[in-house]
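Chain by chain, the residues:
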Amino acid sequence: MSHVKSLADLRKLKEDLQGKMSLREKSNHPESMVQVKVAMATCGIASGAKQVMEFFINEFDKRNIQAVVTQTGCMGYCYAEPTIEVTVPGQEPIVFGYVDTKKADEIIEKYIKNGELVEGIIPVKYQSIEINKENK
Amino acid sequence: MKDLSLHILDIVQNSISAGALEIKVSILEDQDRDQYSMEIIDNGRGIKAEDLDRVTDPFFTSRTTRKVGMGLPLLKQNAERTGGSLSISSTPGKGTSINVVFGWSNIDRPSMGDIGSTMALLISSNPAIRFIYNHTTASGSFKLDTNEVIEMLDGLSITSAPVYNFLKEMINENLREIQFS
Ligand SMILES: Nc1ncnc2c1ncn2[C@@H]1O[C@H](COP(=O)(O)OP(=O)(O)OP(=O)(O)O)[C@@H](O)[C@H]1O
Ligand SMILES: [Mg+2]
C-alpha cells in the first residue's frame, strides 16, 4: 500500500527546505519583491483565476524569482477576467486582463524579468485594489 | 462554476473580504440521507439583518443601486437545482455562516473538483487567517487546521510553493482514502 502523506511528512520537507528558504527569508522585504495580486471574486474564479494563481506560485519558485502572490476580491474589470495586478519594485502597479497561463508566462519573462511591456494592460488611473474594494 | 471546490474558493473569498481571521470549511458527504453538505463559518464583520434575505436574490442587483454580486445567488441556484438549499445566518460584528446542501446522487450536482488545491491555496496564501477544514464521509474524516501546519513548520514560512504543493497533495491523498474504501 502506498504511503499517504500526513503533517509529520511536512517536518521532513521542512528540513530539506530549511537552508534554501532561510536564506530567502532574510531578504524578505515585501517592498523589494515582485507582487502579484490575483482577482479572486466570482467572475475571476469562473474564468480561471485559480490556475493562474497556482501558475505564478510555482513558476516564481522554479525560476527563482522573489515574489509574493496573493488573492484579492473584485478589481472591477469583470469583462477582462482573469485580471492580475503586478508591482515590480520601484514601479507603478500594472493591471493585466485576460490572463491565462500562457499570458502569465509572457508577463514573467518579458515584463517582470526584462521590463518590456506586453499586451493586455488595462489602463487605469492607479488606485490600489484595496481602495476599490472599499468603494464597491 | 465548474465544480464545488471553486464555489468554496468563491464563498471563502467573501469571508476574507469581510475581514475574517478564522474560517471553518466543513464538508459532509452523507449518502444515507442523499446529501452533500458544505458549511463555511467565519468570524468576519457579518451581514446586516435587512440585507440577509437579499444577498442570495439574483434580481437584487438589477433593482437597486447597491452592487450585490453573483457568488451566493449562483451557489444557491446550483444547490436548488439538485433538490438542495442554501441558508445563511449572520450576526453583525460576530460572523457569518453559510450552509449549502446538494442532492448527493442528483445528476446536476457538480463534482468536488480539486479541493486539495483550493484549501492549500487558501491556507498558504493567507498566513494570518486560521482555516479549519473538515471533510467527513461514511468511511471516515479528514481534518486540517492552519495552526497545526504552522506548528509543524516551526518558524518556516507557510507561504511558499513547496508548502502549497505538499498541502495540496496531502489533502487529496487523504480524501482518496475516505472516498474509495
Ligand atoms: N461571509 C460574509 N461576510 C460578510 N458579508 C458577506 C459574506 N458573504 C457575502 N457577504 C455580503 O453579500 C454580498 C453578496 O455576496 P456575493 O458573493 O454573492 O457577491 P460579491 O462577493 O459582492 O460579488 P462576486 O460576484 O464577486 O462574488 C457581498 O457583497 C457582501 O456584502
Ligand atoms: Mg463573492
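Refer to the preceding data block for the structure.
Residues numbered from 1 in each chain as written. Chains lettered and ligands numbered in written order. Predicted model: local features only at pLDDT ≥ 70, side-chain atom pairs only at ≥ 80, totals over all residues. Heavy atoms only, no water.

Enquirer: Talk me through the overall build of chain A; I want residue IDs and the actual numbers.
Expert: Counting its secondary structure elements, chain A contains five helices and five strands. Helices and strands in chain A line up, N terminus first, as α-β-α-α-β-β-β-α-β-α. For chain A, the proportion of its 136 residues judged to be buried stands at 47%. Counting only contacts in chain A whose residues sit at least 6 apart along the sequence, the fraction spanning at least 24 positions is 64%. Summed over all atoms, the accessible surface of chain A reaches about 7200 Å², with 52% contributed by carbon and sulfur. (Helix = DSSP H or I, 4+ residues; strand = E, 2+ residues; numbered from the N terminus. Buried < 20%, exposed > 50% of the residue type's maximum accessible area, 1.4 Å probe, protein only. Contact = heavy atoms within 4.5 Å. Areas by Shrake-Rupley, 256 points an atom, 1.4 Å probe, with all protein chains shown as cover.)

Enquirer: Tell me about the nonpolar core, and name the residues and values.
Expert: Of all hydrophobic cores here, the largest spans 79 residues; its most connected members are Ile-84 and Val-86 of chain A together with Met-38, Tyr-133 and Leu-144 of chain B. Discounting chain neighbours no more than four positions away, the residues touching Met-38 of chain B are Leu-4, Ile-8, Ser-26, Ile-27, Leu-75, Ile-98, Asn-99, Val-100, Phe-102 and Met-112 of chain B. The next biggest cluster of nonpolar side chains, apart from the first, holds six residues, and it includes Ala-39, Ala-80, Val-95 and Ile-122 of chain A. (Core = buried A, V, L, I, M, F, W, Y, C linked by side-chain atoms within 4.5 Å.)

Enquirer: Tell me what's going on with the site of ligand 1, and back it up with residues and numbers.
Expert: Inspection of the region around ligand 1 gives 19 residues, with Thr-42 of chain A together with Asn-14, Asp-42, Met-70 and Leu-72 of chain B positioned closest. Residues within reach of ligand 1 are spread across chains A and B. Here an oxygen atom of ligand 1 sits 2.7 Å away from a polar atom, N or O, in the main chain of Met-70 of chain B. Across the complex, the protein chains shield 89% of the 590 Å² of accessible surface that ligand 1 would expose by itself. Going through the elements one at a time, α1 (4-17) and α4 (71-80) of chain B are the ones with two or more residues in the shell around ligand 1. Residue composition of the shell around ligand 1, grouped by class: eight nonpolar, seven polar and four charged. (Near = heavy atom within 4 Å. Polar contact = N/O pair within 3.5 Å; in protein donor to acceptor, adjacent residues only side chain to side chain. Nonpolar A, V, L, I, M, F, W, Y, C, P; charged D, E, K, R; others polar.)

Enquirer: Before we move on, can you summarise the packing of α1 of chain B against α4 of chain B with the specific residues and values?
Expert: Residue and element names in this part refer to chain B. One can describe the packing of α1 onto α4 by two numbers: an axis separation of 10 Å at closest approach and a directional angle of 140 degrees. Both α1 and α4 take part in a crossing whose hand is left-handed. On α4, the residues that touch His-7, Asp-10, Ile-11 and Asn-14 of α1 are Gly-71, Leu-72, Leu-74, Leu-75 and Asn-78. (Axes fitted to C-alpha atoms, helices over the stretch in contact; angles between N-to-C directions. Left-handed = near helix turned anticlockwise from the far one by under 90°.)

Enquirer: Outline the pairing of strand β1 (residues 34-39) of chain A, listing residues and values.
Expert: Consecutive side chains of a regular strand alternate in pointing toward one face of the sheet and then the other. Residue and element names in this part refer to chain A. In terms of burial, β1 is a largely internal element, five of the six residues being buried. Relative to strand β2 (residues 67-72), β1 is paired through six bridges, and the arrangement is parallel. Bridge pairing in β2 places Ala-39 opposite Thr-72. Relative to strand β3 (residues 84-87), β1 runs antiparallel, the two being bridged by four bridges. Counterpart to Val-38 in the pairing with β3 is Ile-84. (Pairing = 2+ DSSP bridges.)

Enquirer: Tell me about the environment of Met-75 of chain A, and name the residues and values.
Expert: Within the secondary structure, Met-75 of chain A is located in the loop between β2 and β3. On a C-alpha basis, the gap between Met-75 of chain A and Lys-62 of chain A in space is 28 Å, while along the polypeptide they are 13 residues apart.

Enquirer: If you had to explain helix α7 (residues 161-179) of chain B to someone new, which residues and values would you point to?
Expert: Spanning 19 residues, α7 of chain B covers 27 Å between terminal C-alpha atoms, matching the ideal 27 Å at 1.5 Å per step. For α7 of chain B, the tally of buried residues reaches 14 of 19 residues, placing the bulk of the element in the interior. (Expected span 1.5 Å × (residues − 1).)

Enquirer: How would you summarise the pairing of β3 of chain A if you had to cite specific residues and measurements?
Expert: Residues and elements named next belong to chain A. Residues Ile-84 and Val-86 line one face of β3 and the alternating positions Glu-85 and Thr-87 line the opposite face, and both faces are buried. Here β3 runs beside strand β4 (residues 94-96); their pairing, made up of three bridges, is antiparallel. Paired with Glu-85 across the bridge in β4 is Val-95. Turn length for the β3-β4 hairpin, with the two strands adjacent in sequence and antiparallel, is six residues, and the turn residue Gly-90 shows positive phi of about 80 degrees.

In short, the description is geometric, and any link to function would need to be established separately.
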